[in-house]
Amino acid sequence: MNGNTWMDEALCWINGERRTLFESMEVIDPSNGERIGNVPLGGAELAEEAVTAAWEAFPAWSSLLPRERACYLTRWAEKILQHKEELAPLLTREQGKPLAESTGELEVAASFVQWYAEEAKRVSGEVLPPYKPNQRITVIRQPVGVAALITPWNYPAAMVTRKAAPALAAGCTVVLKPAKQTPLIAIALFRLLMETGLPAGAANLVTGAASAIGEAWLGDPRVRKVSFTGSTEVGKKLMRQAADQVKRVSLELGGNAPAIVFGDADLERAAAAIADNKFENCGQMCNGINRIYAEETVAEELAERMVAKVKQMRVGPGIRPGIHIGPLIHDSARRNVHRLVSDAVEKGARLRTGGHPLTEGEWAGGSYYAPTVLTGVDESMDLTREEVFGPVAPILSFRTEEEVVDQANQTPYGLAAYLFTRDVARTHRVSEKLEFGMVGVNGTSLSVPQAPFGGIKESGVGREGGRYGLEEFLELKTITAMVD
Ligand SMILES: NC(=O)c1ccc[n+]([C@@H]2O[C@H](COP(=O)([O-])OP(=O)(O)OC[C@H]3O[C@@H](n4cnc5c(N)ncnc54)[C@H](O)[C@@H]3O)[C@@H](O)[C@H]2O)c1
Ligand SMILES: O=C[C@H](O)CS(=O)(=O)O
């Protein structure tokens, strides 16, 4: 099966069947601006139809034995891995990331499904000690109900499975809306899910107008849960809409991650880990480093090591072998990145490499930006407060541990933070003081199936991953019985 076949069948999935509409919307390849496909332009009506299918499927799906639900998920994971080489070019074409990153993302996507297939079997309750004679207090866990899942464009495969797998494992049925920039990989993953023989209606996918679909789902009392990954702005809107019916919410929103490099750190290790994180997916990662604080004594050496690494990175169409950095998702994202870099330079930052759009030759038509390292950055510059979401590494310097922890925490966001040091006591001291949901120490890899992923403050509520991610789709029920 080739990539075109996946695109030819780019339709919604409702009640186990493919659905199309007369109206459609285009999917654009960000590496050259060309149209690569069309998907249905769904709205409130289709959204409601999807909820009806999920609502009707819920009693049977939630009544299956956990090990039966696990079988569908295991088959789904196997199919994703079996097809990853065909799906990776599809992901790259609509999202832009290099082919190796797309393959890696599909492996991660499958790992969430596999992990939740196992975890489905471990949902259990508790028997509590009685307060009165002959009293039996039992706590059970039950699926929340129909769950609405809204996914972003930056990790369009992994975010689908990080939400859908725990929801289905818990016994929820789902309606999912992928981002308009990257619906094709979500549709392909759903096709594989349907091929597992999943009962009709247990999982439904709608593409189209985000706010119309969102309003239909948030206003529908049959939907009991919404799980969203994307911008803080949209997350807040969904939270307000969810309040009307007190729906459960999980929000994974923006970040402004600091990376703190202390003078005693292994600088080569720090530079490599920071560069890997910062330039992955062209810097479009919610837990991507946004501010690099280097202790004054090592700031210049860290900058030189970073610049040397960045200069070796090849920018181009992700589909081509040997490319390290693809295009940004669209031109307005590129304009935003350039606005932030220009503001920093105007306010005195030193451009060490990059700092401009790439528009000529092989870059023509795509939204490419030269990977950038800036030194002499300070807090007056907008890029230290806003999420850059692009291939830009801004380096600030600091003198004391107290000062840098305070600066790192000066943000309304609280998703991820990183620190590099050889001092074990400092590792614990600083990790505990950082006001973020996740802290990486001497490394930047945070997203694994077994660990909770998520933020505090305006970076979101709830967690994905691990048994915590499953809890998001379960309700506790206390049964207190008198047995005399
Ligand atoms: N946390 C993350 O992983 C993440 C992912 C993507 C974008 N972002 C942040 O968001 C910024 C803007 O990106 P974006 O505009 O694509 O994000 P976005 O929040 O607009 O989109 C994310 C998802 O929400 C949907 N959506 C948008 N408006 C909606 C509404 N009113 N109701 C229901 N669903 C709605 C989108 O269609 C998409 O599926 C980025 O620059 C970045 O800062 C963060
Ligand atoms: O961008 C947000 C994602 O959650 C990043 S990751 O796939 O978890 O690394």
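Residues numbered from 1 in each chain as written. Chains lettered and ligands numbered in written order. Predicted model: local features only at pLDDT ≥ 70, side-chain atom pairs only at ≥ 80, totals over all residues. Heavy atoms only, no water.

An unreviewed UniProt entry lists the chain under the name Succinate-semialdehyde dehydrogenase/glutarate-semialdehyde dehydrogenase, with Desmospora profundinema as the source organism. As its UniProt record puts it under Sequence similarities (unreviewed entry), the chain is described as follows: "Belongs to the aldehyde dehydrogenase family." (UniProt positions renumbered as here; feature names shortened; annotations may be inferred.)

**So, the pairing of strand S13 (residues 289-295)**
S13 sits mainly inside the fold: 7 of its 7 residues count as buried. For strand S12 (residues 257-261) and S13, the ladder comprises 5 bridges, and the chain directions are parallel. Counted as the bridge partner of Ala257 is Ile289 from S13. Taken together, S12, helix H10 (residues 267-279) and S13 constitute a β-α-β crossover, and its handedness is right-handed. Note that S13 and strand S18 (residues 392-398) share 4 bridges and pair parallel. Residue Tyr293 lies in a different strand from S18, and its bridge partner there is Leu396. (Buried < 20%, exposed > 50% of the residue type's maximum accessible area, 1.4 Å probe, protein only. Helix = DSSP H or I, 4+ residues; strand = E, 2+ residues; numbered from the N terminus. Pairing = 2+ DSSP bridges. Right-handed = clockwise from strand over helix to strand, strands pointing away.)

**Some thoughts on the site of ligand 1**
Around ligand 1, the surrounding shell holds 23 residues, and the nearest of these are Thr151, Trp153, Lys177, Ser231 and Glu387. Residue Asn154 places a side-chain N or O atom 3.3 Å away from an oxygen atom belonging to ligand 1. Backbone polar atom of Gly230 to a nitrogen atom of ligand 1: 3.4 Å apart, as the coordinates give it. Expressed as a share of its isolated accessible area of 810 Å², the protein-covered part of ligand 1 is 81%. Looking at the shell around ligand 1 residue by residue, the class counts come to 12 nonpolar, 7 polar and 4 charged. Each of two domains, domain 1 (3-253 + 459-480) and domain 2 (257-448), supplies a minimum of three residues to the shell around ligand 1. (Near = heavy atom within 4 Å. Polar contact = N/O pair within 3.5 Å; in protein donor to acceptor, adjacent residues only side chain to side chain. Areas by Shrake-Rupley, 256 points an atom, 1.4 Å probe, with all protein chains shown as cover. Nonpolar A, V, L, I, M, F, W, Y, C, P; charged D, E, K, R; others polar. Domains from an automatic or database assignment.)

**Quick notes on helix H13 (residues 401-409)**
For H13, the complete set of buried residues consists of Glu401, Val404, Val405, Gln407, Ala408 and Asn409. Elements that come into contact with the buried residues of H13 comprise S12, S13, S18 and helix H14 (424-433). (Contact = heavy atoms within 4.5 Å.)

**Concerning the UniProt feature "domain: Aldehyde dehydrogenase" (unreviewed entry) in the chain**
Feature annotation in UniProt places "domain: Aldehyde dehydrogenase" (unreviewed entry) on residues 23-479, given in this structure's numbering. The straight-line gap between the two end C-alpha atoms of residues 23-479 is 50 Å; of that span, 40% is helix and 21% is strand.

**Considerations on the packing of H13 against H14**
Their axes nearest at 10 Å, the elements H13 and H14 cross at an angle of 30 degrees. Relative to H14, the element H13 lies roughly parallel. Crossing angle aside, the handedness with which H13 passes H14 is right-handed. Of the residues in H14, those in contact with Glu401, Val405 and Asn409 of H13 are Arg426, Arg429, Val430 and Lys433. (Axes fitted to C-alpha atoms, helices over the stretch in contact; angles between N-to-C directions. Parallel < 35°, antiparallel > 145°, perpendicular 65-115°, else oblique. Left-handed = near helix turned anticlockwise from the far one by under 90°.)

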